[in-house]
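Report on the structure
So the chains spell out like this:
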Amino acid sequence: MTVTEASSAVQQPGVAGHLRTVTVKVRRYDPEVDPEANWQSFEVPVEKGDRLLDALHQIKWYQDGSLTFRRSCAHGVCGSDAMRINGVNRLACKVLVKDLGDEILVEPIKGLAVLKDLVVDMEPFFEAFRAVKPFLITSGREPTRERLQSTKDRARFDDTTKCIMCAACTTSCPVFWTDDAYFGPQAIVAAHRFIFDSRDDGARERLEILNDKEGVWRCRTTFNCTDACPRGIEVTKAIQEVKRALIFRRR
């Protein structure tokens, strides 16, 4: 068998017995080719259980290898494949194609500079995350055993420990779209996780950071962040709890 024959013998996933073909319209951007973004359509064969990530792989592997996007675990844990899907922030690996219609619009998440296609510059997002000191701050001598915590105390902040830093919440926020100095929902969620941790001594410090004019008071309670979170975190509730902590701290 020749190399050509061997290549043609490899079955392209999704083609044999596929249920239907969908149109995937991707907002493409390559600064080395065109300073302006443009839409490109692909006809993609899909099977019943395919996720959008599978469709994007079909495009990249079999139609246009230049298509650029981030992905890693493909199981909704790493958070790297967050993008706007039909106008809503979602993880491509968690959304089923069958739930998206016959024409699917795919764009990069908003509010962060686009580097290429669906890949954005995440550094401003991570800078805000680092600014709230997302680590345990303790005082005094090191303990002689693990810092224990009751189930009740853990439950106080359990919801915000689920964050996978996909940026879906922050880049769904209308305030963040227009004010890139705003910390954004994810950074506040990261701070919440430690502010209410009974083992931590840095709550006042973090609250002072978030009391800044670009902190929690910029939130307009639109609930976009909560709706966008792929982990089901009640992001808006967490932000309101931090606001209340600041109010009572100042009395």
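Conventions used here
- Sequence order as written defines residue numbering, which begins from 1 separately in each chain.
- Confidence filtering applies because this is a predicted model: local features only for residues at pLDDT of at least 70, side-chain atom pairs given and counted only at 80 or more, and all residues used for totals across whole chains, interfaces and linings.
- Hydrogens and water are ignored here; the side-chain numbers use all heavy atoms of the structure.
- Secondary structure follows DSSP: runs of H or I at least 4 residues long count as helices, runs of E at least 2 residues long count as strands, and numbering of each begins at the N terminus.
- The buried label goes to any residue with under 20% of its type's maximum accessible area, the exposed label to any with over 50%, and the partly exposed label to all in between, with areas taken from a 1.4 Å probe on protein chains only.
- Throughout this description, a polar contact denotes any pair of N or O atoms lying within 3.5 Å of each other; where both atoms belong to protein, one of them has to be capable of donating a hydrogen while the other can accept it, and for residues adjacent in sequence the pair is counted only when both atoms sit in side chains.
- Contacts are residue-level and defined by heavy atoms, with any inter-residue pair within 4.5 Å sufficient.
- For this analysis, a salt bridge means a side-chain nitrogen from Lys or Arg found within 4 Å of a carboxyl oxygen belonging to Asp or Glu.

**Description of the side chain of Arg206**
By the element assignment, Arg206 lies in helix α7 (residues 203-210). Arg206 gets classed as buried once you look at its relative accessible area, which sits at 0%. In terms of polar contacts, Arg206 uses its side chain to reach the backbone carbonyl oxygen of Val132, at 3.3 Å. The residues touching Arg206, leaving out its near neighbours within four places in the chain, are Val132, Lys133, Phe135, Ile137, Ala191, Phe194, Ile195 and Asp200.

**A look at the environment of Thr138**
Relative to the helices and strands, Thr138 resides in the loop between α3 (123-131) and α4 (151-155). You can call Thr138 partly exposed: its relative accessible area is 34%. For the pair Thr138 and Val33, spaced 105 residues apart in sequence, the C-alpha to C-alpha distance is 51 Å. The contacts of Thr138, once residues within four sequence positions are left out, are Arg147, Arg199 and Asp201. Of note is the side chain of Thr138, whose polar atom sits 3.2 Å from the side chain of Arg147.

**Section: the pattern of salt bridges**
Enumeration according to the criterion identifies 16 salt bridges in this entry. The salt bridge partner of Lys162 is Asp159, with a shortest N-O separation of 3.4 Å. Here Asp200 ties to Arg206 by a salt bridge, and the two come within 2.7 Å at their closest N and O atoms. Pair check on accessibility: Asp200 and Arg206 agree, each one buried. One salt-bridge network, in which partners are shared between bridges, spans Arg28, Asp64 and Asp117.

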